[in-house]
Amino acid sequence: MTNANAGDWDHTVDVLVVGSGAGAMVAALAAHDRGGSPMLIEKSPQYGGSSAMSGGGLWIPSNHLMAGVGIPDTREEALEYMRATTGGLVPEDRLQAYVDEAPRMARFLGEKTRVELVALSEYPDYYQDMPGSKPGGRAIETTNFDARLLGDEFLRMRESAIQSLIAGRIFMTIKEARTLFCKGPGWIALTMKLMSRYWFDLPWRFKSKRDRNLAMGNALVGMLRRSLMDRNIPLWLNTPARELVVEGDRIVGVVAEKEGRGIRIRATRGVVLAAGGFESSQEMREKYLPNPTRAEWTCGNPYNTGDAINMGLKIGAAVDLMDDAWWGPTTVVPGEDRARMLVIEKSLPGSILVNKRGERFVDEAMPYIEVVNVMYQKNTPETRSVPAYLIFDAEFRRKYPCGPMMLPGSQQPDWMLPRILREQYVKKAGTLEGLAALLGIDAAGLKATVAKFNDYARTGKDSDFQRGDNVFDRYYGDEHVKPNPSLGVIEKPPFYGLEAYPGDLGTKGGLKTDANARALKESGEPIPGLYAIGNCSASVMGRTYPGPGSTLGPATTFGFIAGRHAMREEGATA
């Protein structure tokens, strides 16, 4: 914390946004369109943060696109669902602010920026047994975006997570990913279309391997970056924020570092902290998250080390949910700097998760946040479920992609896999007993578990965990598999296994905020001039994950709220 009278200002803006993800960009756009002069500063040499690495979906209840796909929604239903999923942990005014402002934010993006959105009619809310849930439509994503519209700025965007790309290179939308992984109608033609568009993008192919037909998080960030450029809103890279500047009880700016020297940036209307969580800080993970925990297990941004949260703590801001994260089982691939989340693989028929005893312990197809919650709940010295083990057979390998084996075995046989994957990553044996020995798990337990699971697959009813009994479980199933698209037998050798860790997309605890995204003191009073959004704020979703896009939906919505509120806040400095 630095006092405002400690020296002259190097730069002055109305709203200073710390971070450059989707929420940060929306905050700057909202402030600009309310007559302000915003600026963004980014710690890393690339903009986009975890948003650029993500699937790019936004969970927006009652959005204006739902009617077009024939799914009605109301404010009351959305509130009912959010109250049920958050279980009283989130103040009512924050829930109402989200439900009211998220649809307005989506309209703002569609009408005032380069962002083009479509509704995902078949991607359901995650908790189908909760009142107010919907079978689809609340999740929205962008259309594809042509990176040529960014010019040289394209190569300064953070790259997508490798698991979001075909063969580590080619973009697909959320809808296309489901078609490809689950072998939906037309998946072969779609594969050829995407690959041919990529390889025939000449002469760009000789300049960069990056796909210019952006999708998922890269498309959303690309559209927002182009919208910033349209408005001449500055975004400074390699400019980490170091301290908040205080004048009386008000935050009036930031001390940052640029080109090796400290600079003081004044924010006359407010500072918006939008710099992500602390998933890449091993020290903070060990301090706050359940153990065991490792930074190597996260899929999040390597630059997210809790800087914004710690700046808030230094000036007396309150925090909440610091022991929680946007959990999901992940797999760690040798030679890669980020883990991959097992989103689809765990739900496809013919794969199971087992513990050290070789026993199933969870409905593998349930929301990924809940899978990890169960991993930790059931992890005891007697029965280890951290790590867990994903088990599948030769038929599963032939039909589906899995982790870094991005192409099914029918297209990429094992002998074509890189040696490092064959020797150091996936375990493979001719028998279940042999596989258990390689993984270090109980052979008798694994054999009995697979036999029981095969019976369930044949009848279509999982009596232990009810896998495939609801529409969300079946979303990533294979419609060709009967009688349950989420259950398939594991019986054809060789058998495969890999370790699954309690990983995350990012942490979800951070600074406590009010309905206007203002950071709060321990007393509950707002800190004048300071806002927090995204993963450096305590999530409006509480400890759950209501639906696809529950990270970016709130980040962009509360960015929208913060940018607009800052431009009308009383007491702003001259």
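Model, not experiment: these values are computed from the prediction.

J.: I'd like a description of the environment of Gly222, backed by residues and values.
T.: Along the chain, Gly222 turns up in helix α7 (residues 216-230). Using a relative accessible area of 0% as the deciding quantity, one classes Gly222 as buried. Gly222 sits 27 residues away from Met195 along the chain, and the two C-alpha atoms are 21 Å apart. Contact partners of Gly222, with chain neighbours within four places excluded, come to Phe145, Leu150 and Met157.

J.: Requested: an account of the environment of Val354, with residues and values cited.
T.: On the secondary structure map, Val354 appears in strand β18 (residues 351-354). Val354 gets classed as buried once you look at its relative accessible area, which sits at 0%. Once residues within four sequence positions are removed from consideration, Val354 is found in contact with Glu359, Arg360, Phe361, Ala388, Tyr389, Ile391, Ile441, Leu446 and Thr449.

J.: With reference to specific residues and values, describe the layout of surface pockets.
T.: Using a probe with the size of a water molecule, rolled over the atoms, empty space left in the structure can be pinpointed. Roughly 510 Å³ of volume is contained in the second largest pocket. Together, 23 residues line the second largest pocket, and Glu122, Lys175, Arg178, Thr179 and Tyr475 are the ones closest to its centre. Those elements giving two or more residues to the lining of the second largest pocket turn out to be β5 (117-119), β6 (139-142), α5 (174-181) and α15 (471-475). For the lining of the second largest pocket, the element with the most residues is α5, which contributes four residues. Considering only residue class, the lining of the second largest pocket consists of eight nonpolar, seven polar and eight charged.

J.: Go over empty space enclosed by the protein, please, and point to the residues and values.
T.: Following the criterion strictly, the structure yields three cavities of 30 Å³ or more and no others. Of the voids in this model, the largest cavity is the one considered here, and its volume is about 140 Å³. In terms of residue class, the lining of the largest cavity is made up of nine nonpolar, two polar and no charged. When its volume is computed, the second largest cavity comes out at roughly 110 Å³. Lining the second largest cavity are 16 residues, with Gly534, Ser537, Ser539, Val540 and Pro554 sitting closest to its centre. In terms of residue count, helix α16 (residues 552-566) provides more of the lining of the second largest cavity than any other element does, three residues in total. Its residues assigned to classes, the lining of the second largest cavity shows eight nonpolar, six polar and two charged.

J.: Give me the sheet that holds β5: which residues, what numbers.
T.: Taken in spatial order, the three strands make up an open sheet running β4-β6-β5, and their pairing is antiparallel. Each having just a single partner strand, β4 (58-59) and β5 make up the two edges of the open sheet. Pairing analysis gives three bridges linking β5 to β6, with the strands arranged antiparallel. Considered in β6, the bridge of Leu117 is made with Thr142.

J.: Help me get a handle on the pairing of strand β21 (residues 495-507), residues and values and all.
T.: Across the 13 residues that make up β21, a large majority, eleven, are buried. The pairing of strand β16 (residues 325-331) with β21 spans five bridges and is classified as antiparallel. Looking across to β21, one finds that Trp327 is bridged to Asp504. Judged from the six bridges that link them, strand β19 (residues 388-393) and β21 form a sheet pairing that is antiparallel. Across the sheet, residue Ala388 finds its bridge partner in β21, namely Ala500. Here strand β20 (residues 427-429) runs beside β21; their pairing, made up of three bridges, is antiparallel.

Reading guide: rules and limits
- Residues numbered from 1 in each chain as written.
- Predicted model: local features only at pLDDT ≥ 70, side-chain atom pairs only at ≥ 80, totals over all residues.
- Heavy atoms only, no water.
- Helix = DSSP H or I, 4+ residues; strand = E, 2+ residues; numbered from the N terminus.
- Buried < 20%, exposed > 50% of the residue type's maximum accessible area, 1.4 Å probe, protein only.
- Contact = heavy atoms within 4.5 Å.
- 1 Å grid on protein atoms, 1.4 Å probe; cavity = no way out; pocket = protein on both sides within 12 Å on 5 of 7 lines; lining within 4 Å.
- Points joined across faces, edges and corners; volume = space filled by probe spheres on them.
- Nonpolar A, V, L, I, M, F, W, Y, C, P; charged D, E, K, R; others polar.
- Pairing = 2+ DSSP bridges.

These results come straight from atomic positions and should not be treated as a statement about function.
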